[in-house]
Structures are given as structure tokens and as C-alpha cells.
Amino acid sequence: MLDGDKKRAAHRALVDRVLHVEGKASAEQRARAFNNNGLSPPLDRLIDKVVDRPAQITDADLAAAKAAGCTEDQLFELVICAAVGQSARLYEAGLAALAEATAAGEAG
Amino acid sequence: MRLDVLNHGYRPGTKLLFALIRLFSGHPVPDAAKVVFYRPDFYGNRAKEFTHEAMRGPSAWSVGDRELMAAYVSKVNGTAFCIGAHTATAGQAYQDQARVAAVLADLESAPIAEPLRVTLRMLGKLTREGKVGAGDMREVLAAGVSPQQVRDALAVCAAFNTTDRLADAFGFELLSLEGFEAGAKYLLKRGYR
């Protein structure tokens, strides 16, 4: 049923693109940003904020990542991967809860 | 925006397009639109497809309902740019700004149908806490929301949890009220593609 959902398919295509297309940041770094796991300071702080408290991001967070050697194009990609990663987790969590609720309904 | 490439790094044809939009609309291109024009093969093209499908594709939710979901998710995230943009768009779609303002002020007392209220409540919990359970979904279904409507609402939630984060991280510049209203008119006429 989910495979027939065009919205879901379009989201999967977006996830696939940001993780796997040739970019300026390595695919490994992008996967780490997507999963918010395994990045080094100060990039880890910026990406963690993108995922958990985006409204608290400041100019200093991006400046610190640039000072540590990230180019603007790499930051563009890594921030997008982090944002898409968190939205993918939320989407999955919602769909899983729905599947559980409807399966329980059918069983009951 | 906080990255110079997002302010100045566009191809000549794109810069010309931005200038023409500014000339004919009387408003600068909003940062949310600029971002999808920067290296569109990386993010913009597929992001536009997904967002358009979520917001304007077939659904039992109206366009106004989905714009309200976008505004509500943005309110939970505290993303000022997207609150402004989608408050204006939902208000124009419903032709009822007061209803949108009431939802954003207090979901529980707002004058909206119960299925929409419980769906917004679920999207708010998912966005705030990062998780929802089967019990939350059963409440939504019990209010008369179909499983497909839940899936459609989750797609809107995913789209705006992405855009909100980009708005806050890249520092989208807030528009004037008039600018948000002009953007809303465009989004209702043309969608997100």
C-alpha cells in the first residue's frame, strides 16, 4: 500500500538524491549528517542543532564550521542532509505508528 | 542568508530570473524560493517535487487544511519565516485569516472540525517529541480521519520539518506582511514546483 503512495515515493527520491548524488561533501559525511551521528566538532554541534533545536542556530555556528575547514557548498549539503534526515525519521515514526494502529484494528 | 553562495552563487540565467520576478511582482524572491534554485540537482528539484505532491497532490485534505498543517508544524518548530508564509497561504486558501490565527493561538479552542484538530495535535506531538504511538494514531482514526489522510498529513509534516530547519539554519530573511501575502498568492496559483 505504501509503495503506491506518490508522496512517500517522492520523499524517498529526495532522500536517495541527497545521500547518493555526487556532491562536495563525501557520501560518508553526508550520511553522518543525515543520521546526526559520528561528526567531529564543531560540525557536530551545528548538525545537532539543525536536528534538535534549529531555531537556536546562530551565525557563530556556521562560522565555526567554516573556520574548521568546511566550504560553504559542503555546509549547504550537510545542513540539508541533517534536515532531510530528521524529517525522514519523523515520517517513518508516524507511518510505523499508523501501521501498528491499523494492524491492531484489523486484528481486533 | 548565512551562506554567501545562497545570496550570490547563482548562474546568470537564474540571477536574471530573480531580477525579472522582482521587477514584475514588486517583491524580491523569498529565500525559501532561492534555496531550491541553488544547485537544484542536489536538493531543489526533488524537494520541489515532494513538497508539491504533499501540498497540492491528490488528498482528501483541502489545500487550506494542508497549508494550515504547514503553519502549525512551523509554529511548533518556532520557525518565523515559515509561520509567516503559511499563515498567509492558509488564510488566503480558506479566505479566513481568523481561523488560522485561532489555531496557532490555541489549537484546542479553535473553531475547526474535530478530525483536523486531532490530526494537528498528532503532528504537533510528532514534531515536538520525535515520536508518536499507535494510541495517538487510534485517536486520530477514531475521530474519522482515514489512514490515507494520516499518510497525507505525515507527508506535509515531513516537508515542513525539512523546510523549517533550512529556514533556521540558513537564516531566511523575514518578509513584510505584504511580501508574505504576495508569496501566498503565488503558492496558491502555482504551487511548489
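### Some words on the overall build of chain B
Looking only at helices and strands, one finds eleven helices and zero strands in chain B. The order of α-helices and β-strands along chain B, N terminus first, is α-α-α-α-α-α-α-α-α-α-α. In terms of overall size, chain B behaves like a compact globule, its C-alpha atoms giving a radius of gyration of 17 Å where 193 residues would be expected to give roughly 16 Å. Looking at chain B residue by residue over its 193 residues, the buried ones come to 45%. Taking as baseline every contact in chain B between residues at least 6 positions apart, the subset at least 24 positions apart corresponds to 70%.

### A short note on the overall build of chain A
The secondary structure content of chain A amounts to five helices and zero strands. Along the chain direction, N to C, the helices and strands of chain A fall in the order α-α-α-α-α. Taken over the C-alpha trace, chain A has a radius of gyration of 17 Å; the compact-globule value for 108 residues is 13 Å, which it surpasses by more than 25%. Based on the C-alpha atoms only, the size of chain A along its principal axes is roughly 60 × 30 × 20 Å. A buried classification covers 43% of the 108 residues belonging to chain A. Taking the contacts inside chain A whose residues are at least 6 apart along the sequence as the reference set, 58% of them involve residues at least 24 apart.

### Considerations on the interface of chain B and chain A
Facing 44 residues of chain B, the contacting portion of chain A comprises 39 residues. Breaking the side of chain B that touches chain A down by element, the ones donating at least two residues are helix H1 (4–8), helix H4 (44–56), helix H8 (114–129), helix H9 (134–142) and helix H10 (147–170) of chain B. Element by element, the count of residues in the side of chain B that touches chain A is highest for H10(B), at 16 residues. Residue composition of the side of chain B that touches chain A, by class: 21 nonpolar, nine polar and 14 charged.

### Examining the nonpolar core
Counting 87 residues, the largest nonpolar core has A:Val79, A:Ala82, B:Met69, B:Val156 and B:Cys157 as the members making the most contacts within it. With 15 residues, the top contributor of residues to this core is helix H5 (residues 72–107) of chain A. When near neighbours in sequence (up to four residues on either side) are disregarded, B:Cys157 contacts A:Leu90, A:Gly94, B:Met69, B:Val73, B:Leu123, B:Leu126 and B:Thr127.

### Topic: the environment of B:Arg190
Residue and element names in this part refer to chain B. Take Arg-190: it is sitting in helix H11 (residues 177–190). According to the C-beta neighbour criterion, Arg-190 is exposed, with 10 such atoms within 10 Å. Separated by 134 residues in the primary sequence, Arg-190 and Arg-56 place their C-alpha atoms 9.6 Å from one another.

### Section: unusual backbone geometry
Residues and elements named next belong to chain A. Residue Pro-42 follows Pro-41 across a cis peptide bond; omega there is 0°. Take Pro-42: it is sitting in the loop between helix H2 (27–35) and helix H3 (43–52). Even without being glycine, Asn-36 reaches a positive phi, approximately 50°.

### As for the packing of helix H6 (residues 80–94) of chain B against helix H7 (residues 97–105) of chain B
Residues and elements named next belong to chain B. Remark: H6 packs on H7, axes separated minimally by 7 Å, with the N-to-C direction vectors making an angle of 135°. Judged by the angle between their axes, H6 and H7 are oblique. Crossing of H6 against H7: the hand is right-handed. Facing H6, whose interface residues are Thr-87, Ala-90, Gly-91 and Tyr-94, H7 presents Gln-97, Arg-99, Val-100 and Leu-104. Of the residues assigned to the contact of H6 with H7, the class counts are four nonpolar, three polar and one charged.

### A word on the environment of B:Arg46
Along the chain, B:Arg46 falls in helix H4. Spatially, the C-alpha atoms of B:Arg46 and B:Ala143 are 33 Å apart, while their sequence positions differ by 97 residues. If we skip the residues at most four places from it in the chain, B:Arg46 touches A:Ala13, A:Leu14 and A:Arg17.

### Description of the confidence of the model for chain B
With 100% of its residues at a pLDDT of 70 or more, chain B has an overall mean of 97. Here the predicted complex carries an ipTM of 0.97, next to a pTM of 0.96.

### As for the environment of B:His27
All names here are of chain B. The topology assignment puts His-27 in the loop between helix H2 (12–25) and helix H3 (31–37). Take His-27: there are 17 C-beta atoms within 10 Å of it, and that puts it in the partly exposed class. The spacing of His-27 and Ala-182 is 155 residues in sequence and 7.9 Å in space, taken between C-alpha atoms. In contact with His-27, other than residues within four places in its own chain, are Arg-22, Gly-179 and Ala-182.

Parameters at a glance
- Residues numbered from 1 in each chain as written.
- Chains lettered and ligands numbered in written order.
- Predicted model: local features only at pLDDT ≥ 70, side-chain atom pairs only at ≥ 80, totals over all residues.
- Helix = DSSP H or I, 4+ residues; strand = E, 2+ residues; numbered from the N terminus.
- Rg over C-alpha atoms; globule rule 2.2 N^0.38 Å.
- Buried ≥ 20, exposed ≤ 12 C-beta atoms within 10 Å, placed from the backbone.
- Contact = placed C-beta atoms within 7 Å.
- Nonpolar A, V, L, I, M, F, W, Y, C, P; charged D, E, K, R; others polar.
- Core = buried A, V, L, I, M, F, W, Y, C linked by C-beta atoms within 7 Å.
- Axes fitted to C-alpha atoms, helices over the stretch in contact; angles between N-to-C directions.
- Parallel < 35°, antiparallel > 145°, perpendicular 65-115°, else oblique.
- Left-handed = near helix turned anticlockwise from the far one by under 90°.
- pLDDT = per-residue confidence, 0-100.

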